[in-house]
Amino acid sequence: MDLRRSSIVLLILSILSPGTLSIRYEIHSGHTKCISEEIHANAMTVGKYNIINPNEDHPLPSSHKVTVRVTSPQGTAYHESDGVESGQFSFTAVETGDYISCFTAVDHKPETTLIIDFDWRTGIHTKDWSNVAKKSQVETMEFEVKKLFETVNSIHDEMFYLRDREEEMHNLNIATNSKMAWLSFVSLAVCLSVAGLQFWHLKTFFQKKKLI
């Protein structure tokens with residue numbers, strides 16, 4: 001029970017804490033980098049990416065282009081863009097699992113280094129609450145209630161998800177224990193059979209030698 005309560009507390013903290021994936025990383029010409037994010041079924045997700053201009057006083061070089069592909073755990077493409085400088089995507093996940101965003105820099109000689117700024121948000125974090133909040137106290141309270149309501153719904157969904165995962169693990173443990181029991185029984189039967197054959201062989205050998 002203590003372990004389960006600890007898991008619930010960690011779950012609530014993870015939901016209340018910032019859940020956005022905002023990174024900036026380098027990628028070389030002709031190379032690919034992929035980023036995965038675990039998304040639950042029916043959860044909304046949005047992403048925004050752009051290439052950082054190495055020289056703000058000049059247009060972005062033609063070498064600074066990427067091909068972007070976002071796929072589901074089963075390989076379904078949710079977003080595809082070829083030779084772009086920036087872009088964004090949004091979709092509602094159909095299945096639970098690791099969704100992958102891959103960025104491929106166009107091949108260029110000499111090799112150049114691109115810096116990509118990538119922001120990926122999931123669930124309640126897809127909503128820009130700062131644009132929803134108002135100045136008046138009543139509207140601010142309404143905003144906080146809506147925010148808490150969305151958080152409670154997310155916690156509710158996460159609890160059902162954890163319960164399903166716990167049930168899956170329980171069934172897996174039962175199946176594993178059953179297989180181990182059968183394996184132990186088979187191993188014991190094999191050992192007894194080998195011991196019986198050895199005993200029969202030795203008995204036959206001593207009888208032929210007329211030692212018994």
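Scoring rules and cut-offs
- Residues numbered from 1 in each chain as written.
- Predicted model: local features only at pLDDT ≥ 70, side-chain atom pairs only at ≥ 80, totals over all residues.
- Heavy atoms only, no water.
- UniProt positions renumbered as here; feature names shortened; annotations may be inferred.
- Helix = DSSP H or I, 4+ residues; strand = E, 2+ residues; numbered from the N terminus.
- Disulfide = S-S within 2.5 Å.
- Buried < 20%, exposed > 50% of the residue type's maximum accessible area, 1.4 Å probe, protein only.
- Phe/Tyr/Trp six-rings, centres within 6.5 Å; stacked < 30°, edge-to-face > 60°.
- Salt bridge = Lys/Arg side-chain N within 4 Å of Asp/Glu carboxyl O.
- Contact = heavy atoms within 4.5 Å.
- Core = buried A, V, L, I, M, F, W, Y, C linked by side-chain atoms within 4.5 Å.
- Pairing = 2+ DSSP bridges.
- Axes fitted to C-alpha atoms, helices over the stretch in contact; angles between N-to-C directions.

Enquirer: Before we go on, may I ask you to explain the UniProt feature "transmembrane region" (unreviewed entry) in the chain in this structure?
Expert: Those places that UniProt annotates as "transmembrane region" (unreviewed entry) correspond, in this numbering, to residues 180–200. Between the C-alpha atoms that bound residues 180–200 the distance is 30 Å, and the span itself is 100% helix and 0% strand.

Enquirer: Could you clarify how one ought to interpret the state of the cysteines in this entry?
Expert: Tallied over the full model, the rule gives one disulfide. A disulfide bridge connects C34 with C102, and the sulfur atoms are separated by 2.0 Å. The disulfide joining C34 to C102 has a torsion of about 110 degrees about its S-S bond and is therefore right-handed. You can see C34 sitting in strand β2 (residues 32–39) and its partner C102 sitting in strand β7 (residues 97–105), a full 68 residues away along the chain. Judged by its relative accessible area of 47%, C34 falls in the partly exposed class.

Enquirer: Sorry if this is basic, but what is going on with the packing of aromatic side chains here?
Expert: Aromatic ring pairs: the centre-centre distance and the angle between the two ring planes describe each pair. Tallying each qualifying case throughout the model produces 11 aromatic pairs. Each residue in the set Y25, Y49, Y78, F89, F91, Y99, F103, F118 and W120 is aromatic and connected to the rest through ring pairs, giving one cluster.

Enquirer: Explanation requested: the pattern of salt bridges in the structure shown.
Expert: Throughout the structure, instances matching the rule amount to four salt bridges. A salt bridge links R69 to E80; the shortest N-O distance between them is 2.2 Å. In this pair, R69 is assigned in strand β4 (residues 66–71) and E80 in strand β5 (residues 77–84), connecting sequence segments 11 residues apart. For E80, a relative accessible area of 53% puts it in the exposed group. The salt bridge involving D119 is made with R121; its shortest N-O contact spans 3.2 Å.

Enquirer: Mind showing me how you'd approach the environment of F89 here?
Expert: Looking at the secondary structure, you find F89 in strand β6 (residues 86–92). For F89, the contacting residues outside a window of four places in its chain are T45, V46, G47, Y49, V70, H79, S101, F118 and W120.

Enquirer: Can you help me understand the nonpolar core in this one?
Expert: In a soluble, globular protein the nonpolar side chains are often hidden away together inside. In terms of nonpolar packing, the biggest core is built from 22 residues, with Y49, V66, F89, F103, I116 and F118 touching the most fellow members. Elements supplying a minimum of two residues to this core: β1 (21–28), β2, β3 (44–51), β4, β6, β7 and β8 (113–122). Here the element with the most residues in this core is β8; it accounts for four residues.

Enquirer: Would you mind showing me how to read the sheet that holds β4 here?
Expert: Taken in spatial order, the four strands make up an open sheet running β2-β7-β4-β5, and their pairing is antiparallel. Two strands in the sheet have a free side with no partner beyond their single neighbour: β2 and β5. Put simply, the sheet's adjacent strands are angled 10 degrees from each other on average, direction ignored.

Enquirer: Looking at this structure, how should I read unusual backbone geometry?
Expert: Negative phi values dominate among residues other than glycine, just as trans dominates among peptide bonds. Between K109 and P110 the backbone carries a cis peptide bond, its omega angle lying at -5 degrees. Turning to its location among the elements, P110 is positioned in the loop between β7 and β8. Located in the positive-phi region is N42, a residue other than glycine, with phi close to 70 degrees. The residue N42 is located in the loop between β2 and β3 in this model.

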